[in-house]
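# Observations on the model geometry
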Amino acid sequence: MAIIAVYNVKSGTGKTAMAVNLGWCSAQISERSTLLWDLDPQEAASDIIGAGLTVKEDAAQAFKAKHIDPAKLVRTSTVKGLDLLATDASLDNLGQIKFEMSRKKRLHKLVDALQNSYAHVILDCPPALTDMGAQILRSAQVVIVPIIPSPRSEQILSEVQDYLGAETGRHPPLLPVHSIADSSRNQHRSALEHNPKWPVIPMSSGLQKMSFYKKPVMEFEESDPVSLAYRSLWNGIEKKLGG
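What you see is a predicted model, and the numbers here were worked out from it, not measured in a lab.

A word on the overall build of the chain. Scanning the chain for helices and strands turns up ten helices and eight strands. Here the chain, with 243 residues, has 50% of them falling under the buried criterion. Once local pairs closer than 6 in sequence are excluded, the contacts in the chain between residues at least 24 apart make up 76%. Accessible surface, the chain as shown: approximately 11400 Å² in total, 47% of it carbon and sulfur.

Next comes the structure, spelled out in structure tokens:
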């Protein structure tokens, strides 16, 4: 099982859209059994593909209770082949939960419980990591970092690297991606030219429509440049994971 995290210390970078569309790519293009694990209490990913999921304030149960099988908290999403471990407000206080067993041991149990069910797990991480969130992210094989193109792109990547290093110690490899890029803007164009090897996800009205249609952009704007960019990014991730 490969764990792919999407993370940035800043909000508004297209993180959730990236997680949802990469989940679609894994399930639909690669035809792999895929779980989108929404760890962000803002619930954006859960709202988009949750099929009107009723929130029961039970997301934190996967971490709190010894005997909860996380598979019992998994729901079928609106995307064929993509399951959802939804979030809710209970994750807001995850850092204050008093665990009866070792956090590290509990994490291993969670991952092991999902091991035989999914080929890929996509993590939509919150901007601020709790101790448990940091451990989950540490278990990833790669961390995708969406960054709005600017003269500070490399500095932002360095800030994410420093933060993850402080929170998780040795963190997984980082893959920076210029997100919501508008090449007609001078600052964006300059940043794209300065880091030509970084994958690029262009600005698109389809990204805003995801919340309206409750679907990944890949499902209603298949030929849009942003959909093609997500496909290309996913191909690169699969190569990084070894196929």
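This part covers the nonpolar core. One finds Met 18, Leu 36, Ile 144 and Tyr 230 to be the most contacted residues of the largest nonpolar core, which totals 34 residues. The dominant element in this core, judged by the number of residues it contributes, is helix H1 (residues 15-29), at eight residues. Sequence-distant contacts of Met 18, defined by excluding residues within four places in its chain, comprise Val 6, Ile 144, Pro 146, Val 177, Ser 179, Ile 201, Tyr 230 and Leu 233. The next biggest cluster of nonpolar side chains, apart from the first, holds 29 residues, and it includes Ala 5, Leu 35, Leu 123 and Ile 136.

Averaged over every residue, the pLDDT of the chain is 84; residues scoring 70 or more account for 81%. No element of the chain has a lower mean pLDDT than helix H3 (residues 61-64), at 56, and none a higher one than strand S8 (residues 200-202), at 98. Every residue in residues 96-101 scores below 50 in pLDDT, and together they form eleven contacts with partners more than four places removed in sequence or on other chains.

Bringing the layout of surface pockets into the picture now. Here the largest pocket defines a volume of roughly 400 Å³. For the largest pocket, the lining is made up of 18 residues, of which Gly 14, Lys 15, Thr 16, Ala 17 and Ala 44 are closest to its centre. Among the secondary structure elements, those contributing two or more residues to the lining of the largest pocket are H1, helix H2 (44-49) and helix H8 (205-213). A per-element tally of the lining of the largest pocket places H8 first, with four residues. A breakdown of the residues in the lining of the largest pocket according to their chemical character gives seven nonpolar, eight polar and three charged.

Once their charged atoms are close, side chains differing in charge can pair, the charge on each being opposite to the other. This structure, assessed with the given rule, holds six salt bridges. Residue Asp 47 is joined to Lys 214 by a salt bridge in which the shortest nitrogen-to-oxygen separation is 2.6 Å. On the criterion of sequence distance, the pair formed by Asp 47 in helix H2 and Lys 214 in the loop between H8 and helix H9 (217-220) is long-range, its members being 167 residues apart. Using a relative accessible area of 41% as the deciding quantity, one classes Asp 47 as partly exposed. As a salt-bridge pair, Glu 221 and Lys 209 come within 3.8 Å of each other at their nearest N and O atoms. Of the two residues, Glu 221 sits in the loop between H9 and helix H10 (225-241) while Lys 209 sits in helix H8, which places them twelve residues apart along the sequence. Assessed through its relative accessible area of 25%, Glu 221 is described here as partly exposed.

Every buried residue of H8 is accounted for by Gly 206, Leu 207 and Met 210. Buried residues of H8, seen end-on, are gathered within an arc of 105 degrees and therefore sit on one face of the element. Opposite the buried face of H8, by more than 90 degrees, sit the exposed residues Gln 208 and Phe 212. In this structure, the buried side of H8 is in contact with H1, H2, S8, H9 and H10. Near the N-terminus of H8, the side chain that reaches the backbone nitrogen of Gly 206, with its oxygen 3.0 Å away, is that of Ser 204. Following H8 by one or two positions, Lys 214 adopts a phi angle in the positive range, close to 60 degrees.

Conventions adopted
Residues numbered from 1 in each chain as written. Predicted model: local features only at pLDDT ≥ 70, side-chain atom pairs only at ≥ 80, totals over all residues. Heavy atoms only, no water. Helix = DSSP H or I, 4+ residues; strand = E, 2+ residues; numbered from the N terminus. Buried < 20%, exposed > 50% of the residue type's maximum accessible area, 1.4 Å probe, protein only. Contact = heavy atoms within 4.5 Å. Areas by Shrake-Rupley, 256 points an atom, 1.4 Å probe, with all protein chains shown as cover. Core = buried A, V, L, I, M, F, W, Y, C linked by side-chain atoms within 4.5 Å. pLDDT = per-residue confidence, 0-100. 1 Å grid on protein atoms, 1.4 Å probe; cavity = no way out; pocket = protein on both sides within 12 Å on 5 of 7 lines; lining within 4 Å. Points joined across faces, edges and corners; volume = space filled by probe spheres on them. Nonpolar A, V, L, I, M, F, W, Y, C, P; charged D, E, K, R; others polar. Salt bridge = Lys/Arg side-chain N within 4 Å of Asp/Glu carboxyl O. Arc of directions from axis to C-beta. Polar contact = N/O pair within 3.5 Å; in protein donor to acceptor, adjacent residues only side chain to side chain.

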